[in-house]
Amino acid sequence: MLQRNFDSKAGLEEQAPRAASDQSVQPSVDLRELGRILRRRWKLVAAPPLALVAIALIYSFVFATTLYTATSTVFVDPRRATAIESNQSAIQSSNYGTDDATIDSEAQLIQSVAILERVVVRLKLTEDEEFVPAPTLLDRIRQLFRAAAPADGANPEDAKQAAAADNLRRRMKVSRQGTTFIVDINVSSESPRKAADIANAVAEAYFEEQVRAKNTATKIASSWLNRQIDELKSRVVTSEKAVEDFRSANNLKVAQGVTVNDQQITDLNNQLISARVATAEARAKYEQTLQLTKAGADPGSINAAISSDVIARLRTQYADIAKNEADLLSKYGPRHPIVANVRAQLRDTQRLINEELQRILQSTQHDFEVARSREASLQQSFDQLQGVSTTSGQAQVRLRELQREAEANRTLYESYLARYKESTAQQSLELPDSHVVARARIPIAPSWPKKFLLLGLSLTLGLGLGCMLAFLADYLDRRVKTLEQAEQITGVPSLAAIPLISSGELAGRAKLGRHQLAQHDPRSAKLLPAGLQPPLMRYAIEAPGTFFAEAVRAVRLALQRTMRTHPVKVVVVTSALDSEGKSTLAVNLAQSLAVLGLRTLLIDGDLRNPQVTRALCPRAEAGLIELASGAASAERAVLVDASTGLSVLPSTAVRDIDLITELMFSDRIVDLIDEFRQRYEMIIIDSPPLVPLVDGRALAELSDRIVLALGWDQTPSEVLAHTMDLLEPVRDRILGTVLTKVDMSRLRFYDYYQSSAYLKPYAAAPLKIGATR
């Protein structure tokens with residue numbers, strides 16, 4: 001809107017606490033305000049992306065070097081076992097290298113200097129200008145500022161090789177695919193074939209480096225194992241010799257894993273047990289024989305006699321003779337010589353049996369004595385060996401300790417010997433832990449420059465930078481642009497917003513008064529004819545249906561409302577700084593009041609810069625100074641516009657500045673204004689700006705009401721606040737503020753409801769941006 005609806009200043013003061021309470025609410029992001037900021041700063045938003053896109057295009061098509069990227073894919077498998085590794089080694093190695101750090105380390109190894117220099121030598125990249133370019137002027141300048149010069153005697157070929165490897169590292173990128181064991185080797189070059197050759201060469205050099213590292217580690221391990229084996233061998237020989245020497249010194253000979261003394265004790269113990277059994281059996285036989293002999297029993301019942309073959313044959317013979325005796329006795333009688341002969345044979349046979357039994361009895365006694373003697377002998381030998389075993393117990397403990405030490409040395413020696421043989425055999429069977437999944441192919445399309453990516457990034461970055469600059473510029477822009485902003489700073493009502501009239505519109509209206517130019521005397525001291533006055537000074541009455549006229553009427557309405565309740569006759573129209581449209585506002589406001597029939601006087605109070613006088617009566621001979629000094633009468637000094645009835649008191653040129661200051665603070669100006677109060681119903685004074693000059697503050701103290709003109713997007717908020725401090729003694733006389741020279745098309749980006757977009761249906765004339773005062 002172009003004006004504010006208010007009844008009095010008190011109404012604004014009543015709204016102040018409510019506004020303060022609204023401001024106490026936690027601030028939030030206003031998306032509409034952000035959008036308005038971007039729209040009103042669209043040039044600042046558009047400049048960075050356009051510049052960056054232009055730079056990206058120039059770089060892409062002019063300066064960028066076209067590169068092609070080839071990719072060789074490698075599978076890194078640190079768990080692979082060699083052909084001769086044992087199952088246990090393979091199991092142990094399966095837990096190695098499965099974490100991310102190991103795969104990342106392998107990826108860094110591919111980019112190591114050793115591998116890159118190997119590729120440089122293999123492909124002769126030191127002779128390639130792409131990787132060892134000729135030094136430029138910038139390189140020579142950098143060489144001058146290096147911290148240290150190359151060492152004396154440095155090999156130039158080594159320097160070229162290092163430079164080529166460094167350039168190759170910059171052209172290469174090694175990346176892991178997710179969390180897998182697959183690694184991509186990306187190499188960029190100006191030549192597609194060269195990029196593929198280098199990528200494949202890097203993969204092969206990586207495999208060779210793995211094999212070389214394994215061989216080196218194996219050789220180091222073999223050498224170390226060889227030294228350990230020699231040392232362990234001497235330790236085994238020493239420990240085994242110590243065992244044998246100790247055994248010989250302590251008579252601890254071993255047979256079948258047992259010492260001779262222990263073996264003898266075991267044998268004697270077994271023999272002693274057998275001897276005791278034999279003695280017991282012999283004692284039993286002997287005691288049985290003695291019992292039979294003492295009892296007078298038949299000794300033939302003993303077991304030895306029963307089992308004796310001799311006695312068995314004698315008894316058989318005895319039985320045959322006795323049978324024969326019985327037959328002969330029954331046949332020949334007891335006295336027959338044959339019977340006597342048979343009886344003699346029977347007696348001889350019995351005698352032989354008795355003798356054999358006696359011999360058996362004697363043999364039983366002898367066997368018992370022999371068995372007892374043998375048992376006693378074995379017992380004596382056993383006791384002697386036990387004594388020897390007791391004395392050699394401590395020696396056997398030491399012997400076993402020496403044996404354990406010798407056995408441990410022998411086991412360790414055999415283990416190292418087996419590992420040494422494995423490592424020796426492994427030197428000729430080393431395989432890399434990785435293999436190629438896909439060899440690099442010759443790329444078809446270039447990988448750099450990525451034109452769409454560069455354009456997208458440039459556009460995105462530019463838009464972000466533009467938005468940041470727009471927000472920053474809007475934040476730092478402290479100039480007054482809305483009526484609400486003016487109210488917040490001043491604490492007084494904002495009366496209206498006077499739009500900016502285009503230069504074309506004003507030029508068209510100026511052409512309409514050319515016909516009066518021939519009839520006008522340029523030396524006339526009277527007011528200029530209406531057609532020759534600046535169109536902007538009469539715009540409110542000549543274009544009553546425009547926003548401009550509506551805004552002037554809004555100020556007039558505010559003044560009329562105040563006049564109903566307060567005696568108001570003198571109104572000072574002023575501004576904080578120069579060129580803020582106060583003179584245009586004062587003239588149009590005075591004409592608007594005059595056309596209503598009010599006796600209105602317009603005083604050009606800006607004695608140092610009389611804009612009103614230059615616009616309406618540039619040849620005036622008398623004015624405010626002459627009237628106040630008494631050099632001219634009011635009838636001569638005051639000029640009347642016949643078309644509106646407006647009286648104008650101009651200000652002639654004054655060269656003495658001290659005279660102006662003296663007049664503004666003298667009683668003559670007070671008396672003059674009091675005199676005009678009696679003649680006119682309304683007095684409009686075009687005052688000097690308040691901040692640079694003190695004249696305006698003196699006129700403000702003589703006024704009934706003050707209208708403060710603010711240049712839209714021109715008056716800084718700090719200056720406006722300072723102006724209000726200067727007007728603090730007469731703050732109650734301030735009628736309100738008026739925004740002048742408002743670009744209505746841009747105002748919608750600050751306050752839509754006060755812009756031309758909202759009032760467009762009511763517009764009577766097109767409004768264009770122009771430069772007017």
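What counts, and where the lines are drawn
All residue numbers refer to positions counted from 1 along the written sequence of the respective chain. Given that this is a predicted model, residues contribute local features only at a pLDDT of at least 70 and side-chain atom pairs are listed and counted only at 80 or more, while totals for whole chains, interfaces and linings are drawn from all residues. Excluding hydrogens and water, the side-chain values take into account all heavy atoms of the structure. Fitting a line to C-alpha atoms yields each axis, with helices limited to the stretch in contact; the angle taken between N-to-C directions then spans 0 to 180 degrees. The way it works is that DSSP assigns letters per residue, a run of H or I at least four long becomes a helix, a run of E at least two long becomes a strand, and they are numbered from the N terminus. For classification, angles of less than 35 degrees are called roughly parallel, those exceeding 145 degrees roughly antiparallel, those between 65 and 115 degrees roughly perpendicular, and all remaining angles oblique. Working rule for handedness: look at the near helix, and if it is turned counterclockwise from the far one by less than a right angle, call the crossing left-handed; if clockwise, right-handed. Contacts are assigned to residue pairs with any non-hydrogen atoms lying within 4.5 Å of each other. Residues were grouped as follows: Ala, Val, Leu, Ile, Met, Phe, Trp, Tyr, Cys and Pro as nonpolar; Asp, Glu, Lys and Arg as charged; and all remaining residues, including Gly, as polar. A pair of strands is treated as paired once DSSP finds two or more bridges between them. Patch definition: residues with relative accessible area over 30% and no salt bridge; like charges joined within 9 Å; nonpolar side chains (Val, Leu, Ile, Met, Phe, Trp, Tyr) joined within 5 Å. Only the protein chains shown count as cover for residues, and the accessible areas themselves come from Shrake-Rupley with a 1.4 Å probe. Salt bridges are defined by distance alone: a side-chain nitrogen of Lys or Arg within 4 Å of a carboxyl oxygen of Asp or Glu.

1. Section: the packing of helix H6 (residues 113-123) against helix H8 (residues 156-171)
- It is at 9 Å that the axes of H6 and H8 come closest, and there the two elements cross at 110°. By the angle between their axes, H6 is roughly perpendicular relative to H8. For the crossing formed where H6 meets H8, the hand is right-handed. Contacts from Leu 116, Glu 117, Val 119, Val 120 and Val 121 in H6 reach Gln 161, Ala 164, Ala 165, Leu 168 and Arg 169 in H8.
- In terms of residue class, the contact of H6 with H8 is made up of seven nonpolar, one polar and two charged.

2. Points about the side chain of Asp 641
- With respect to the element layout, Asp 641 can be found in the loop between strand E10 (639-640) and strand E11 (647-649).
- Those residues in contact with Asp 641 that lie beyond four places of it in its chain are Leu 527, Gln 533, Arg 538 and Leu 646.

3. Description of the sheet that holds strand E13 (residues 705-711)
- As summarised here, the arrangement of the eight strands in space is E7-E14-E13-E8-E12-E9-E11-E10, forming an open sheet in which the pairing is mixed. Both edges of this open sheet fall to strand E7 (494-499) and E10, since each of them pairs with a single strand only.
- Pairing between strand E9 (residues 600-604) and E11: three bridges, direction parallel. Across the sheet, residue Leu 602 finds its bridge partner in E11, namely Val 648.
- Contacting E7, strand E8 (570-575), E9, strand E12 (682-686), E13 and strand E14 (734-742), helix H20 (residues 582-594) crosses the sheet at an angle of about 165° to E12.

4. Description of a nonpolar patch on the surface
- Among the surface-exposed residues, Leu 44, Leu 465, Leu 469, Leu 472, Tyr 475 and Leu 476 lie close enough to one another that they form a single nonpolar patch of about 560 Å² accessible area.
- Counting residues per element, the nonpolar patch draws most heavily on helix H15 (residues 451-476), at five residues.
- Looking at the element boundaries, Leu 44 is found in helix H3 (residues 42-63).

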